[in-house]
Amino acid sequence: MDKFSIHRVPLHPTIRQTQHTPIRSQQSFSAHLQEATEQQELKVSKHAHERIIERNIAITEQEWQVVSDKVFEAHSKGVKQPLVLMDQAALIVSAKNATVITAMDRTEAKQQLFTNIDGTIVL
């Protein structure tokens, strides 16, 4: 006598649904970088805020945006703590924390020795 086996078949077979991945538009890396940096904002520490007020440093909204963009760009290239040199001010920034650590006017900055920075942004 031949042996045979019986397998149970479920009454309602499960149907696998395929998940469609959304088609992404082809964007360049620079467009992705620009999009990512636009969403981020540079903060100012309490110490830096006090220094900006004490030293009468005036930075426009447009200038802050340029500083912010350049800091995030530098961070994407591995810079952790850049010195940002502007026409009227010098800023030390923690790119990792997206925070301005301290600020001084350019005349004061000429007499300083900057340590623990790993990049410079000249604007």
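Summary of the structure given here.

About the thresholds
- Residues numbered from 1 in each chain as written.
- Predicted model: local features only at pLDDT ≥ 70, side-chain atom pairs only at ≥ 80, totals over all residues.
- Heavy atoms only, no water.
- Helix = DSSP H or I, 4+ residues; strand = E, 2+ residues; numbered from the N terminus.
- Buried < 20%, exposed > 50% of the residue type's maximum accessible area, 1.4 Å probe, protein only.
- Contact = heavy atoms within 4.5 Å.
- Areas by Shrake-Rupley, 256 points an atom, 1.4 Å probe, with all protein chains shown as cover.
- Pairing = 2+ DSSP bridges.
- Core = buried A, V, L, I, M, F, W, Y, C linked by side-chain atoms within 4.5 Å.
- Expected span 1.5 Å × (residues − 1).
- Arc of directions from axis to C-beta.

**A few points about the overall build of the protein chain**
Counting its secondary structure elements, the protein chain contains four helices and five strands. Moving toward the C terminus, one meets the helices and strands of the protein chain in the order α-β-α-α-β-β-β-α-β. Put simply, the protein chain has 123 residues, and 29% of those count as buried. Across the protein chain, the fraction of contacts at a sequence separation of at least 24, relative to all contacts at a separation of at least 6, is 59%. Surface summary for the protein chain: the accessible area is close to 10,100 Å², and the carbon and sulfur share equals 52%.

**Section: the sheet that holds strand β4 (residues 99–105)**
One open sheet accounts for five strands, arranged β1-β4-β3-β2-β5; its pairing is mixed. Unpaired on one side and paired on the other, β1 (43–44) and β5 (119–122) mark the two borders of the sheet. One ladder, built from four bridges, connects strand β2 (residues 82–85) with β5; its direction is parallel. Residue pairing for β5: V84 is matched across the bridge by I121.

**Focus: the side chain of T99**
Note that T99 resides in strand β4. Once residues lying within four places of it in the same chain are set aside, the contact partners of T99 are L42, K43, V44, S45, I92, V93 and S94.

**With respect to the nonpolar core**
Counting residues in hydrophobic clusters, the biggest one holds 21 residues, and the most contacted among them are L42, V71, V84 and L91. Mapped onto this core, the elements with two or more residues apiece are α2 (46–54), α3 (61–76), β3 (89–94) and β4. With residues up to four places along the chain from it excluded, the contact list for V84 reads V67, V71, A89, A90, L91, V93, I121 and L123. One finds A90, I92, M104 and A109 within the second-largest nonpolar core, a separate group that totals six residues.

**Describing the environment of V100**
Tracing the backbone shows V100 in strand β4. In this structure V100 comes out as buried when scored by relative accessible area, which is 0%. Measuring from C-alpha to C-alpha, the distance between V100 and A48 comes to 6.4 Å, with 52 residues separating the pair along the chain. Excluding residues that lie within four positions of it along the chain, V100 makes contacts with L42, K43, V44, S45, A48, W64, L91, I92 and V93.

**A few points about α3**
Over its 16 residues, α3 runs 23 Å from end to end, which matches the ideal 22 Å to within 8%, given 1.5 Å per residue. All of the buried residues along α3 are W64, V67, S68, V71, F72 and A74. Down the axis of α3, the buried side of the element spans an arc of 160°, and every buried residue falls inside it.

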